[in-house]
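Given next are the chains, with one letter for each unit.
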Amino acid sequence: MFTISLLGQKGGTGKTTVALGLAVAAFRAGKVVAVIDLDPQASAANWKDRRSDNNPAVVSAQSSRLKQTLTAAEEMGAEIVIIDTAGRNDDSALNAARFADLVLIPTRTNIVELEALPAAADILRLAGGPKAFVVLNGVHPAANRQVAEARELVQRTFGLPCAPIHLCHRSAYADAMTSGRTPQELDEDGKAAGELDALFQFSFEFVNSRTGEHVQDRIAASRA
Ligand SMILES: Nc1ncnc2c1ncn2[C@@H]1O[C@H](COP(=O)(O)OP(=O)(O)OP(=O)(O)O)[C@@H](O)[C@H]1O
Ligand SMILES: [Mg+2]
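Residues numbered from 1 in each chain as written. Chains lettered and ligands numbered in written order. Predicted model: local features only at pLDDT ≥ 70, side-chain atom pairs only at ≥ 80, totals over all residues.

Participant: Summarise the overall build of the chain; cite the residues concerned and give the values.
Facilitator: The helix and strand tally for the chain stands at eleven helices and six strands. Computed over C-alpha atoms, the radius of gyration of the chain comes to 16 Å, within 12% of the 17 Å expected from 2.2 N^0.38 for 224 residues, which places it in the range of a compact globule. Burial statistics for the chain: of 224 residues in total, 44% are counted as buried. Restricting the contact set of the chain to residue pairs at least 6 apart, pairs at least 24 apart contribute 75%. (Helix = DSSP H or I, 4+ residues; strand = E, 2+ residues; numbered from the N terminus. Rg over C-alpha atoms; globule rule 2.2 N^0.38 Å. Buried ≥ 20, exposed ≤ 12 C-beta atoms within 10 Å, placed from the backbone. Contact = placed C-beta atoms within 7 Å.)

Participant: Explain the sheet that holds strand E6 (residues 132-136) residue by residue, including any values.
Facilitator: Taken together, the six strands give an open sheet; going across it, the order is E3-E2-E4-E1-E5-E6, and neighbouring strands pair in parallel fashion. The open sheet has two edge strands with one neighbour each: strand E3 (57-60) and E6. Neighbour-to-neighbour, the strand axes of the sheet open up by a mean angle of 20 degrees, direction not taken into account. In this sheet, E3 lies alongside strand E2 (residues 33-37) in parallel orientation, the contact comprising four bridges. Looking across to E3, one finds that Val 35 is bridged to Val 58. Lying over the sheet, helix H10 (residues 191-209) contacts strand E1 (2-6), strand E5 (102-107) and E6, oriented at roughly 150 degrees with respect to E5. (Pairing = 2+ DSSP bridges. Axes fitted to C-alpha atoms, helices over the stretch in contact; angles between N-to-C directions.)

Participant: Break down unusual backbone geometry for me, citing the residues and quoting the values.
Facilitator: Residue Pro 56 follows Asn 55 across a cis peptide bond; omega there is -5 degrees. With respect to the helices and strands, Pro 56 occurs in the loop between helix H2 (43-49) and E3. Here the phi dihedral of Ala 42 falls at roughly 55 degrees; this positive angle occurs in a residue that is not glycine. The residue Ala 42 is located in the loop between E2 and H2 in this model.

Participant: Kindly report on the environment of Ala 121, identifying the contributing residues and their values.
Facilitator: Assignment of secondary structure puts Ala 121 in helix H6 (residues 117-126). Setting aside residues up to four positions removed in sequence, Ala 121 forms contacts with Phe 158, Gly 159 and Leu 160.

Participant: Describe in detail the site of ligand 1, supporting the description with residues and values.
Facilitator: Of all residues adjacent to ligand 1, which total 19 residues, the nearest are Gly 11, Lys 15, Thr 16, Thr 17 and Gly 87. Elements that contribute at least two residues to the shell around ligand 1 include exactly helix H1 (15-28) and helix H8 (171-178). The residue inventory of the shell around ligand 1, partitioned by class, reads four nonpolar, twelve polar and three charged. (Near = placed C-beta within 6 Å. Nonpolar A, V, L, I, M, F, W, Y, C, P; charged D, E, K, R; others polar.)

Participant: Describe the pairing of E2, with residues and values.
Facilitator: Both faces of the sheet carry side chains from a regular strand, because those side chains alternate between them. In terms of burial, E2 is a largely internal element, five of the five residues being buried. A two-sided burial pattern is seen for E2, the buried positions comprising Val 33, Val 35 and Asp 37 on one face and Ala 34 and Ile 36 on the other. Pairing of E2 with strand E4 (residues 80-84) involves five bridges; the strand directions are parallel. The residue bridging Val 33 from the neighbouring strand is Ile 80, located in E4.

Participant: Describe in detail the pairing of E1, supporting the description with residues and values.
Facilitator: Of all five residues that make up E1, four are buried, and the element is covered over most of its length. Two elements, E1 and E4, share five bridges in a ladder whose sense is parallel. Residue pairing across strands places Leu 6 opposite Asp 84, the latter belonging to E4.

Participant: Lay out the packing of helix H4 (residues 91-98) against H6 with the relevant residues and their values.
Facilitator: Closest axis-to-axis distance for the H4/H6 pair is 9 Å, and the angle between their directions is 50 degrees. Regarding the angle of H4 to H6, the classification is oblique. Between H4 and H6 lies a crossing of right-handed hand. Contacts between H4 and H6 pair Ala 93, Leu 94 and Ala 97 from the former with Ile 123, Leu 124 and Leu 126 from the latter. For the contact of H4 with H6, the per-class residue count stands at six nonpolar, no polar and no charged. (Parallel < 35°, antiparallel > 145°, perpendicular 65-115°, else oblique. Left-handed = near helix turned anticlockwise from the far one by under 90°.)

So yeah, pure geometry; function would need other evidence.
The following block contains the structure:
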């Protein structure tokens, strides 16, 4: 089992959207996947309530019980766990980062949003430095220069790498959220679907390419 955590210290950056999009991409790729929703706003759990399909599993949990929730997910056969966190300063982001094999930090590309990245970098440091990528989100589909500049700024100024996949601003994201679905389920050949599937593929291959450290080891270490 491996764990991908979504975090960021700003609200509305796309954490829940990406968490659910990745979960559905994983499920459609044949993986057993669970979403753990640590946000008291419970947006992911509410999405699940609007949904007719049983998959992916979504569990609303308290951050202080994350370790036990991960153990339960593993015992139930989850191969991939995706953790959604609250968009403000509480301990869910730190806990989610501690147990992550990969952290994804969605952000909009304007400077006000980018300036919140150091707070996310601080959390990564406190969590022991899990592997992390910033995911540029809500980009205008024609704004190639904006993407290049934001990538450069994120890397140079904030010292964080950007994922090679970014997500454009597309109406499919909000439309899908309303009906308890994700863009892949509205139009599997659509551009938003392609972006989410590509981000999942990148994340999956990235985690699989790394050896050693995995969440089970950290759970075992924290029990010792
Ligand atoms: N790429 C995108 N294109 C269009 N709309 C988007 C995109 N990404 C996210 N949104 C919309 O932006 C809003 C905020 O997204 P989301 O709820 O995923 O953010 P969040 O980081 O989880 O917020 P919070 O911090 O409140 O939990 C939602 O209405 C969502 O549908
Ligand atoms: Mg959210």
